[in-house]
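Overview (structure and organization)
Single-letter residue listing:
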Amino acid sequence: MLSEQSFVTQLFQLAQSRQHRFGLCLRGDQAWQETFCQIASNLANGECFQLGGVESQYSDRWCPMDKGQRLLGHECGLLVVDIQNGIDANSLTSLLGTLRGGGLAIFIQSHHELRNDDENDYAEQWFSRALQQLIVVKQQGALPVLPILQADLPTYSPFDMQQQAVGYIHKVVSGHRRRPLVLTADRGRGKTSALGIAAAQLMSERKIRIVVTSPVIGNVAPLFEHALRGLPGAQQSKFRLDWNSSSVEFVAPDELLRGHVDCDLLFVDEAAAIPLPMLITIVERYHRVVFATTIHGYEGCGRGFTLKFQSWLQENRPGTRFYHMDTPIRWAENDPLEQWQYQTFLLDCELPPLSFDDEVSIDLVEVSKSDLFTSPNILKQCFALLVNAHYQTTPNDLMLLLNDPAMKLFGLFNQEQCIGCIVGVEEGGLDIELAKQILLGKRRPKGHLVASSLVSHLALEQPALDLSLRIMRIAVHPEWQGRGVGSNLLKQLKQKSHYHFYSTSYGVTNELLTFWHSNGFRSIKLGSTRDQASGCHSLIMVDGQQDWIDCGESLFSSCLSYQLKEMYRHLDIGLVCSLAQLNPLSSSRLQQTELRLLENYAIGGCHYENVAPVIERALWQVGFSLCYSLLVRKVVQQWSWNDCAEEFNFTGRKQLESEVRLQVAQLLNQL
């Protein structure tokens, strides 16, 4: 009879001969599981990482279940995942990528059957069902049969595509300007490593300053690791590597766009996690850029990036080169563990082709969690839409859809195909005592993001007492976009559900602001800081009939003119104009004295400092527009003369003020 040690030995040998990774699920008591993992750790070719549970003697590196990203940039030969207290899907899917070919992933599961109180936890049931697809080893049970694989392995060099990518990066530097490179790849294809290898080669060949940006600095750890490997003796600090007169340095996305960072080459890693307007600004500002992104994996979706950003590049930067890396480097193709991971967390769910039919009348339906669990095809369709539409959609969102009672899913289905969906979170409905604690800043109940924020912002308990729905995601199939389907989704949602009010909180852009406002949502609160990943301020908008909503909208308008001078002085001009137009500041009309001041200044009289407050009142009265961009920057946001001259390409104050006077004359014609 085969012993457990012999079984593990043969499984490692099979994995190493194929450069594949296998997953095992252990079911038994703690002592037996630890013994089994110790056997595997002794036989593993490389370190043993442990995710979750309590750190064990057999592990070389351990991290809590929700901190798997800490070990990115490292590799292991054995990964032990303790799931007895649940899983963090984002953390797990990221750490699975550190297991190299020839290794094993062991999932530790307790002996107990599904508890009664878990019967409605469809996320646990979903994951338990997925574990059945692994090699299941039970204490005192017969050992499973070793996997049977194809006889022949494909012959290829795993580094060919990476070397090709490195060559294309060199051409971005040596070739014509304004010809970006876009690298896409599944996880484990060596995309980020290629950036590091190319950086080391370029730094050793010439004097060059390379800047790398990414939503999370941990994403680029392999880049610096490979760059350092190619430049032995280089000086290294936390965010920078120096070699002779060359350097590669990390700069956060918001800092990158706040001012022009001088560089000869810019790497944008995990570009799919950066919103489209920000990517376009990067292209326009930096002329030698490499965009790299994972199109499947924990970093977020890549399909929206592929459809929207690459289409924009093809139209506006026709010299752009696109290169997709599909050959794995850390493991061989057709890896069993990768296939299991993609199926379990729907990382490979694709949108089906779907033709638009303008004669179809479709009703919105709420999809229950039990329906999602028992009909995986419905879940795959909805999740594919969400992944395509939102860069922030993650494996954890899949788990929340299945187990969070506050999270609601609504869908539009045409002939059993989902053409649009909404994900919302129920908020509010809290008791008065808790609402008072929120008002005093003593409580911040989890899951009530907008309700709690509005209580604090308006100094009013009512938003927490009212039952509301915060719309987290809204997604429409690409073939049905631009045809009013999103607005139809919202209209039917408000007709068929019964909440006191509806809310949304999102990184505000002109396009999104126009969409939400056109569907009856009103601006209540603009976040004071920019989101590091999106570079946008978060805007809370609500739709409902409560009196406090009118008060909140009025407060937003009255505060905006003051806040634009400091808090929002760097806000995009187009967005400033949109916010001001949709939230006009009520004020009395200009008096004759004020009009004379404007007329005199327009023809060369008066001092700017004396007339500036009148110009601002005139702008609010007429309504901001892009033709007054300079006035918005100088008068409303109070930029310095030097900053305005640089922004609008003027030589100095004299030339700049002549344009200010000209725009004031145009303004007078509208009064």
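Each chain carries its own residue numbering, running from 1 in the direction its sequence is written. The predicted nature of this model means local features are confined to residues of pLDDT at least 70 and side-chain atom pairs, given and counted, to a pLDDT of 80 or more, with totals for whole chains, interfaces and linings taken over all residues. Derived side-chain values reflect all non-hydrogen atoms in the structure, with water molecules and hydrogen atoms excluded from consideration.

A word on the domain arrangement of the chain
Taken domain by domain, the chain consists of domain 1 (1–138), domain 2 (159–325), domain 3 (363–563) and domain 4 (592–669). Each domain span listed reflects an automatic or database assignment of domains. Between the C-alpha centres of domain 2 and domain 4 there is a distance of 41 Å.

A few points about the confidence of the model for the chain
Per-residue confidence from the predictor is reported as pLDDT, which spans 0 to 100. Averaged over all residues, the pLDDT of the chain is 91; the fraction at 70 or higher stands at 94%. Note that pLDDT drops below 50 for residues 113–117; the model gives that stretch three contacts with residues more than four away or on any other chain. The contact definition used throughout considers only heavy atoms, calling two residues in contact when any of these lie within 4.5 Å. Every residue in residues 298–302 is under pLDDT 50, and counting partners more than four places away or in other chains gives 25 contacts.

Remarks on the nonpolar core
In these notes, a set of buried Ala, Val, Leu, Ile, Met, Phe, Trp, Tyr and Cys residues joined through side-chain atoms within 4.5 Å is what counts as a nonpolar core. To sort residues, take the accessible area from a 1.4 Å probe on protein chains only and compare it with the maximum for the residue type: under 20% means buried, over 50% means exposed, and anything in between is partly exposed. Among the nonpolar cores identified, the biggest contains 65 residues, and Leu539, Leu579, Leu598, Ile615, Phe624 and Leu631 are the most heavily contacted of them. Looking at which element gives the most residues to this core, the answer is helix H23 (residues 608–622), with eight residues. If you count residues domain by domain, this core takes at least three from each of domain 3 (363–563) and domain 4 (592–669). Every helix listed is a DSSP run of H or I at least four residues long, and every strand listed is a run of E at least two residues long, numbered separately from the N terminus.

Some words on the pattern of salt bridges
Should the charged atoms of two oppositely charged side chains come close, the side chains can pair. When a carboxyl oxygen of Asp or Glu is within 4 Å of a side-chain nitrogen of Lys or Arg, the pair counts as a salt bridge. Summed over all chains, the structure comprises 24 salt bridges. Between glutamate 553 and arginine 522 there is a salt bridge, with the nearest N and O atoms lying 3.3 Å from each other. One end of the pair, glutamate 553, is in helix H20 (residues 547–563); the other, arginine 522, is in strand E20 (residues 522–530), with 31 residues separating them in the sequence. For the pair glutamate 553 and arginine 522, a shared accessibility class is recorded, and that class is buried. A salt bridge links glutamate 657 to arginine 653; the shortest N-O distance between them is 3.3 Å.

Comments concerning the UniProt feature "binding site: ATP" (unreviewed entry) in the chain
UniProt positions are given in the numbering used here, feature names are shortened, and annotations may be inferred rather than shown by experiment. Under the feature "binding site: ATP" (unreviewed entry), the UniProt entry names Gln162 and Arg330. Across 169 residues of sequence, these annotated residues stay compact in space, with a maximum C-alpha separation of 12.0 Å. Relative to the helices and strands, glutamine 162 resides in helix H5 (residues 160–174). Not counting chain neighbours up to four residues away, the residues in contact with glutamine 162 comprise Gly190, Ser193, Ala194, Ile197, Met325 and Ile329. The topology assignment puts arginine 330 in the loop between strand E14 (321–325) and helix H11 (336–345). Once you skip the residues sitting within four places of it in the chain, arginine 330 turns out to touch Gln19, Glu75, Gly97, Thr98, Arg100, Gly101, Arg187 and Gly188.

With respect to helix H26 (residues 653–668)
The span expected for a helix works out to 1.5 Å for each residue beyond the first. Here H26 is 16 residues long and its end C-alpha atoms lie 22 Å apart, about the 22 Å a rise of 1.5 Å per residue gives. Burial in H26 covers these residues: Leu656, Glu657, Val660, Arg661, Gln663, Val664, Leu667 and Leu668. An end-on view of H26 places all buried positions within 165° of arc, on one side of the element. The elements touched by buried residues of H26 are helix H22 (592–602), H23, helix H24 (629–636) and helix H25 (641–648). As used here, the arc belongs to the directions running from the helix axis to the C-beta atoms.

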